[in-house]
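Below, each chain spelled out in residue letters.
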Amino acid sequence: MVEPVLQISDLVKSFGALRATDGVTLDLHPGEIHALIGPNGAGKSTLIHQICGTVRQDSGTIRFAGQDIGGLGVAERAQRGLGRTFQVSSLAPEFSALRNVMLAVQAKQGSSFRFFKPAMLDRSLTEPAMTVLDRVGLAERARIPASELSHGERRQLEIAIALALGSRAFLLDEPMAGMGPEGSKTLTRFLDRLRQEAPILLVEHDMDAVFALADRISVLVYGRIIATGTVEDIRRDPAVRSAYLGDHD
Amino acid sequence: EPVKIGMITTLSGGGAGLGVDTRDGFMLAIKQSGNKDIEVITEDDGQKPELAVQIADKMIQSDQVDILTGIVWSNLLMAVAPSAVAQGKFYVSTNAAPAALAGANCNPLYFNAAYQNDNLHEAMGEYANKDYKKLFIMAPNYPAGKDSLTGFKRYFKGELAAEVYTQVGQTDYAAEIAQIRASGADGVFAFLPGGMGIAFMKQYAQSGVNIPIMGPGFSFSQDVLPAIGDAALGVKASGQWVKDLDNEANKKFVADFQKEYNRLPSLYAVQAYDAAQLILSAAANADVKDTEAFRAELLKADIKSPRGNFKFNTNQHPIQDIYVTEVTKEGDVLTNKTVEKIFTDHGDAYAKDCKM
Amino acid sequence: MTFALALEQLLNGLQLGVMLFLMAAGLTLIFGVMGLINLAHGSLYMVGAFACATVAAWTGSFWLGLFASLACAAAAGAIVELLVIRRLYDRDHLDQVLATFALILIFSEGTRWMFGSFPLYLDIPPLLQGAVPLPGGTQYPLYRLAIIAAGALVAFALYLLISRTRLGIRIRAGESDREMIGALGVDIRTLYTVVFALGAALAGFAGAMVGALQSVQVGMGEPVLILAFVVIVIGGIGSIKGALLGALLVGVVDTMGRFLLPKLFVLFVPPSQAGMIGGALASMLIYIVMALILAVKPRGLFPPAHA
Amino acid sequence: MSRETVVNFILAALLLAVPLLANAVGQPFYITLATRIAILALAATGLNLALGLGGLVSFGHAAFFGIGGYAAGILATHGFSGEPLVFGLSGTNQMLVIWIVAAVTAGLAGLAIGAISLRTSGVYFIMITLAFAQMVYYFAVSWPAYGGEDGLSILVRNQFPGVSTMRPLSFFLICYVVLLAAIGLFALIRASRFGSALQAARQNPVRVATVGIRPFRIRLTAFAISAMMTALAGALFADLNRFVSPSMLSWHMSGELIVLIILGGTGRLFGPLAGAALYVIIEYALGGITERWQFFLGLILLGVVLFARGGLLGFIAGKARHG
Amino acid sequence: MLLEVNDIATYYGSSQALFGVDLALDEGEVLALMGRNGMGKSTTIRSICNLNPPRSGTISFAGTSTSRQPAFRVARRGIGLVPEGRRCFATLTVYENLIAAARPGRWTLERVNELFPRLGERRNQLSQTLSGGEQQMLAIGRALMTNPRLLILDEATEGLAPVIRQDIWRAIRALKSDGLSILLVDKTLSELLPVADRCVILENGRSVWSGEPAAIDDAVKDRYLGI
Ligand SMILES: Nc1ncnc2c1ncn2[C@@H]1O[C@H](COP(=O)(O)OP(=O)(O)OP(=O)(O)O)[C@@H](O)[C@H]1O
Ligand SMILES: Nc1ncnc2c1ncn2[C@@H]1O[C@H](COP(=O)(O)OP(=O)(O)OP(=O)(O)O)[C@@H](O)[C@H]1O
Ligand SMILES: [Mg+2]
Ligand SMILES: [Mg+2]
């Protein structure tokens, strides 16, 4: 078996008395979509936060592309190829969609300390950015400030940014949230293709999407993984049904 | 030939009271002279050096004034006067008198009609020799404050219990008062102008400490006394002018000022009044455009000063008598009365360095 | 240096701290809770002191003056809120800075227009005159003890108001999402006017109380403003407890610095020099302390729980 | 050309035309006034880089303004007296040297102050920058060697190769060119990659970090550049007044710089110039009419905030556009 | 009619978002507002609450026009809003969030806690540290605490675990059978259509279709909803 891109072992994080992450071990292989599901407040976002560095773990290790990144800052992890989206959209509101993506492109190129060349005239920035926007279907809205985009469009923009970073793994926190049925469908198709580029750790409550996409599913409840398996395994797991799925089918 | 005078003084902000007195004293003399050839342009410097410079530039370049005057504060004066005299204009100071302009850097076009910064402190030092053995002295931590204590120590021969520098603009003096209480001093010399002095005196009065206070005149001049209230009673201060000085010019000045403005004059008003008198007297006998002649007329100091004897030293700062005063009440009104004359024909320590 | 002196200085420090808190209380309320940078806080402080001095001079009663200071400052606050501040909540902090800066100019010059350029007389009420003996043999001004009591009372009342009442909850809700609290049916506009007036009244109260110990003059509010900001920032913005503790810290540090630093330098340089250097350092001290604290705890000593 | 570009062009042209005209009709004071505007605009342009683009509301930029001023004052004093400065270095009367010293000193101070201050944000940042400026202020007030509170006079304006700086118009032209250069630099930076990162860090620092750019470094660099520009203005200001004093370091000065920016339009290219022009002209015109000028200045400023959103330029040229 | 919206046009600054939306909702009725992303659903809701007052057209709620009324007055007449993106008061605890705007009525703290036991458990936690789903519950609870006549839910099940979502739908059905009027925006058609009495579909800021849920056939879905 190939080496996992991302490997998390025995991660623990407490907020006061609450153990939000309670010894989580999890990995992500090249080419796969690994879905992370679980009840609200189970600790999924907290886990993502720890992986990308916005929250520091209490103990445990996070290895990415063969290296321990558990001690690095947010920006350094991103530079190494961890791309993420936020559960609540997080963009530069005054910038156009295009410029939001361009920022990611320039970050990827590692060249933010250039003071003189106008970025908007810089084809090495605009072209990759437009390509990405086109891929997520936002090309027509490229010049609209992020603050004026609708909720769904902002979600698309978040994905575009992660794409533009050329990430080696994606951490997507509820990308379907706020997407209409049509948008969800498009996005599902899109993620399906995206996995070839880089594996995806997908946190999502939209079970239709999860079941359609996931190669593997892990179920997180109260900070612990209670089950990991294929779609079929998980669907049938009675513990998962009672803790999470309810009578969903 | 008409004389154009530019008066830059502080008419807004915390120090406006001094500027208002300066302007009023100056204008009283101009008005009394009835001289139609004198034109005074007054502007407010807001107690900001940059603004004072801008106004000075305007007065010199645009209004083409011949003489500048009116600045209350040393730091503003330092911003304006050196460059004004460098451009060939007279500067006649109505109050500010930093040591820097009295010694080696004196200038033929710079006159000071008030005093030299150290004078009043020196007088208190001399006075303190009589009754006090051990003094607690304090002043704000800026050049005028340091000059003040230096001047005081130049004449005071006794022991110092402590020499304390407070913060400029400080409003609470509990810590200093506690030190005074514990210092074993038999007297306190404090130079705390304006609001600082008001705050200190009020707090001192409440503290239960009874060591006598003294200070230079402008800490207890007419503009702040009403605000300090009875807490100021009995305080000894020094001044080159006191309201009750027994001479004709003074009686007339005090009466006229009161009539015109409905309040008692302060030191600042007198100084400005004399500055105006000096200019008037020179203008009567010389053309202001003829710098040499005008300067010579100014140097004669041919005026009847409410201060009594007044003449210029070699550095163009006054030689005058200095008195010790005491705060008293006249009816409901707090004011200073003369206790004794401490210096006669007193000049300053820097004149010897002035080579003109 | 005797023990009694050190003790007295410590007490002075605490007292200065409470006084600072009194001056900062209104600002904490407006700034910490409504999220509004109100540079004109010092002006409201001045309004309180002038109102008190004027009414006390007319009526001969400090207490009537104190009441007038509350009323005038609250009225001034309410008017300012209705005419100006109200339009600025959903603006950038910077617009608030400019507007309230403009208000400082208007208030200062307006006050001078009405009262002239000379400081006013305001004295401590006869009831609180004089000094009382303290254990250890020294004396302490009664009025300063009264200020300590007033400060403690204000701190306690504010704490209750903000954390325990529904009014406080709504105010804080408005701070976190103004539109939303309105959309839920709370008249946040009027509420904010009331809070602003309350903050102004506190400023006026402080102006009158502290004004009796200082000089009542135009511009008296400006140093207060800076100090009050220092205090609430050190304590952690929006926290009443933080403001109180921050104020005490500043008070003690400042007093002890003024007292001890010159003594420290006497060990190295002549007394006169020591006084200057020590004095210079003492005036920088609270800023140094503030920078150190913020460098280590970027959100102040007691940041309110929110991120 | 967008409306803003036209307005900018007019502003720049007016600032040049007035002194030329004043020179022609023999009214040198208006040259002085224009020089003042140019210098304050330069200082505010520096601050605008941190504040307008980076959202770093520094309430301590007077420190850099004053550092620039004192660099000029101290070097000139030593240059004049011939007394050596530190380490046997001598003073100088050459503006170019003074500018470099001023900018480098302020840049270093900016790095140091920024490194500590940038750990904080929002109002804490406002106050910690103020704290540093106050330290410098009190230091200058009580530091006797260079005049303390009384300040330091520069007896003769410093020299610039090939120009007679004592002529008001020549000195104005120097300031004008420096101002335009600074505005040009500001425009370049704003449009550059660095500018993108800086502006994004203002809008959403978490986002910037998660694409892999560390906001801290970006901001620190911006803060230092901003300090250097403001210090350059300080050096020119010292030469204009031929005087420096701690009041250049006071919090009023910091506040005034902020006011200039907001007045003109935060983050706008010509905002500082528009703000400085308006402020200085009002101050001058009102000061000549009434002693109560501050009252009316307050009313006018209030009017601008309430009714001209986005400052003067926002009012005239409409909302700012970001690419 | 409890709520009547007639031909409203709404702008964000100078850009127009609504170009003529009509809808009506009777007492006790559940109305579903549908449409693809960015078609104006949330904007319509903001207009109804007078958060973005329409520039033209009329809205009347409970018999009186809402124009020129501040948002809080409109809300007090009985609109409970669960906004898009939750917008809990970040710096308040769960409890404080719930009581901040509470008005007396049948909904009390106890009933809300019964509906969402998780909120009871997290009573003293700051709402900004709640998980996404917990915040959603809080937003609904908060709106119920104002005891509205009309509850508006803008994507209220977004980000909720399926079990909870089912709870919420159950709650919505319960509220409906209680006689509460509800205006719903949600993307889960399979849940939405069964509770809705009527549907309005928006496209590019216009109401382009309205009718019974049963009438939404594949053609309508394909044409307006992209499914
Ligand atoms: N800073 C914090 N302080 C205290 N508790 C916290 C903090 N951050 C998160 N929590 C708690 O940790 C738990 C896990 O939260 P998290 O946001 O990771 O949940 P989640 O699995 O993403 O849920 P959802 O699917 O609803 O988004 C929650 O109960 C939350 O209240
Ligand atoms: N704050 C805003 N400023 C300017 N335009 C906006 C703003 N918010 C929304 N819009 C625009 O208004 C239109 C309608 O947006 P709205 O949020 O009402 O759509 P929606 O139907 O709720 O979409 P979604 O399903 O994505 O939430 C969109 O084109 C959007 O770009
Ligand atoms: Mg989550
Ligand atoms: Mg929406």
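The model shown is predicted, which means the values in this text are computed figures rather than measured ones.

Basis of the calculations
- Residues numbered from 1 in each chain as written.
- Chains lettered and ligands numbered in written order.
- Predicted model: local features only at pLDDT ≥ 70, side-chain atom pairs only at ≥ 80, totals over all residues.
- Heavy atoms only, no water.
- UniProt positions renumbered as here; feature names shortened; annotations may be inferred.
- Helix = DSSP H or I, 4+ residues; strand = E, 2+ residues; numbered from the N terminus.
- Buried < 20%, exposed > 50% of the residue type's maximum accessible area, 1.4 Å probe, protein only.
- Contact = heavy atoms within 4.5 Å.
- Axes fitted to C-alpha atoms, helices over the stretch in contact; angles between N-to-C directions.
- Left-handed = near helix turned anticlockwise from the far one by under 90°.
- Nonpolar A, V, L, I, M, F, W, Y, C, P; charged D, E, K, R; others polar.
- Near = heavy atom within 4 Å.
- Polar contact = N/O pair within 3.5 Å; in protein donor to acceptor, adjacent residues only side chain to side chain.
- Areas by Shrake-Rupley, 256 points an atom, 1.4 Å probe, with all protein chains shown as cover.
- Donors = N, O, S within 2.8 Å, 3.2 Å for Na, K, Ca; no water.
- Phe/Tyr/Trp six-rings, centres within 6.5 Å; stacked < 30°, edge-to-face > 60°.
- Pairing = 2+ DSSP bridges.

What to know about the UniProt feature "transmembrane region" (unreviewed entry) in chain D
All names here are of chain D. Per the UniProt entry, the sites bearing "transmembrane region" (unreviewed entry) are residues 36–56, 63–81, 96–116, 123–146, 166–189, 220–238, 258–282 and 294–317 in this numbering. Helix makes up 86% of residues 36–56 and strand 0%. Its end C-alpha atoms lie 25 Å apart. Helix makes up 92% of residues 166–189 and strand 0%, whereas the separation of the span's terminal C-alpha atoms amounts to 33 Å.

Thoughts on the environment of leucine 245 of chain A
Looking at the secondary structure, you find leucine 245 of chain A in helix H9 (residues 238–245). What makes leucine 245 of chain A buried here is its relative accessible area of 1%. Between the C-alpha atoms of leucine 245 of chain A and cysteine 52 of chain A, which are 193 residues apart in sequence, the distance is 28 Å. What leucine 245 of chain A contacts, discounting residues up to four positions off in sequence, is Met207, Phe211, Ile234, Arg235 and Val240 of chain A together with Pro162, Val163 and Gln166 of chain E.

With respect to the packing of helix H3 (residues 62–83) of chain C against helix H8 (residues 188–211) of chain C
Helix-helix packing is characterised by the crossing angle of the two axes and by the distance between the axes. Residues and elements named next belong to chain C. The contact between H3 and H8 brings their axes to 7 Å, and the two run at 145°. Regarding H3 and H8, the two cross each other, and that crossing is right-handed. The residues of H8 that touch H3, namely those facing Phe62, Leu66, Ser69, Leu70, Ala73, Ala74, Gly77, Ala78, Val80, Glu81 and Leu82, are Arg189, Tyr192, Thr193, Phe196, Ala197, Ala200, Ala201, Gly204, Phe205, Ala208 and Met209. Here the contact of H3 with H8 is built from residues that sort into 16 nonpolar, four polar and two charged.

Details of the site of ligand 2
Taken together, 19 residues surround ligand 2, and among them Glu148 of chain A together with Gly38, Ser42, Thr43 and Glu84 of chain E come closest. Each of chains A and E places residues next to ligand 2. A distance of 2.4 Å is found between an oxygen atom of ligand 2 and a side-chain nitrogen or oxygen belonging to threonine 43 of chain E. The separation between an oxygen atom of ligand 2 and a polar side-chain atom of glutamate 84 of chain E is 2.6 Å. Look at ligand 2: alone it shows 630 Å² of surface, and the protein chains cover 85% of it. Of all the secondary structure elements, the ones that give two or more residues to the shell around ligand 2 are helix H5 (151–164) of chain A together with helix H1 (41–48) of chain E. For the shell around ligand 2, the element with the most residues is H1 of chain E, which contributes three residues.

A few points about the coordination of the magnesium ion (ligand 4)
All names here are of chain E. Taken together, the protein ligands of the magnesium ion (ligand 4) are Ser42 (OG) and Glu84 (OE), with distances of 1.9 to 2.2 Å. Within this pair, whereas serine 42 is found in helix H1, its partner glutamate 84 is found in the loop between strand E6 (79–82) and helix H3 (94–100), the two being separated by 42 residues in sequence. Residue classification places serine 42 among the buried positions, given a relative accessible area of 16%. In this structure glutamate 84 comes out as partly exposed when scored by relative accessible area, which is 27%.

Notes on the packing of aromatic side chains
With the rule as written, the count across this model stands at 38 aromatic pairs over all chains. With 5.8 Å between their ring centres and 45° between their planes, phenylalanine 113 of chain A and phenylalanine 194 of chain D make a pair best called tilted. Within this pair, whereas phenylalanine 113 of chain A is found in the loop between helix H3 (97–109) and helix H4 (123–136), its partner phenylalanine 194 of chain D is found in helix H7 (residues 193–203), the two belonging to separate chains. Accessibility expressed as a relative area gives 0% for phenylalanine 194 of chain D, which makes it buried.

Topic: the sheet that holds strand E1 (residues 3–12) of chain E
All names here are of chain E. Taken in spatial order, the four strands make up an open sheet running E2-E1-E4-E5, and their pairing is antiparallel. One side of each edge strand has no neighbouring strand; the edge strands of this open sheet are strand E2 (15–25) and strand E5 (64–65). Pairing of E1 with E2 involves eight bridges; the strand directions are antiparallel. Its bridge partner being in E2, alanine 9 is matched across the sheet by phenylalanine 19. Sheet contacts for H1: E1, E2 and strand E4 (56–61); angle to E1, the most-contacted strand, approximately 110°.

Description of the site of ligand 1
Every one of the 22 residues lining ligand 1 counts as a neighbour, but Asn40, Lys44, Ser45 and Thr46 of chain A together with Gly133 of chain E are closest to it. Asparagine 40 of chain A is positioned such that a nitrogen or oxygen atom in its side chain is 2.7 Å from an oxygen atom of ligand 1. Take glycine 41 of chain A: an N or O atom from its main chain is 2.8 Å from an oxygen atom of ligand 1. Elements with a minimum of two residues in the shell around ligand 1: strand E2 (18–28) and helix H1 (44–52) of chain A together with helix H6 (132–145) of chain E. Looking at side-chain class alone, the shell around ligand 1 contains six nonpolar, 12 polar and four charged residues.

Some thoughts on the pairing of strand E8 (residues 181–185) of chain E
All names here are of chain E. Within E8, five of the five residues are buried, which leaves it mostly tucked inside the rest of the structure. Side-chain alternation along E8 places Ser181, Leu183 and Val185 on one buried face and Ile182 and Leu184 on a second face that is also buried. One ladder, built from three bridges, connects strand E3 (residues 30–34) with E8; its direction is parallel. Within E8, the position partnered with valine 30 by the bridge is isoleucine 182. Pairing between strand E7 (residues 150–154) and E8: five bridges, direction parallel. The residue bridging leucine 151 from the neighbouring strand is isoleucine 182, located in E8.

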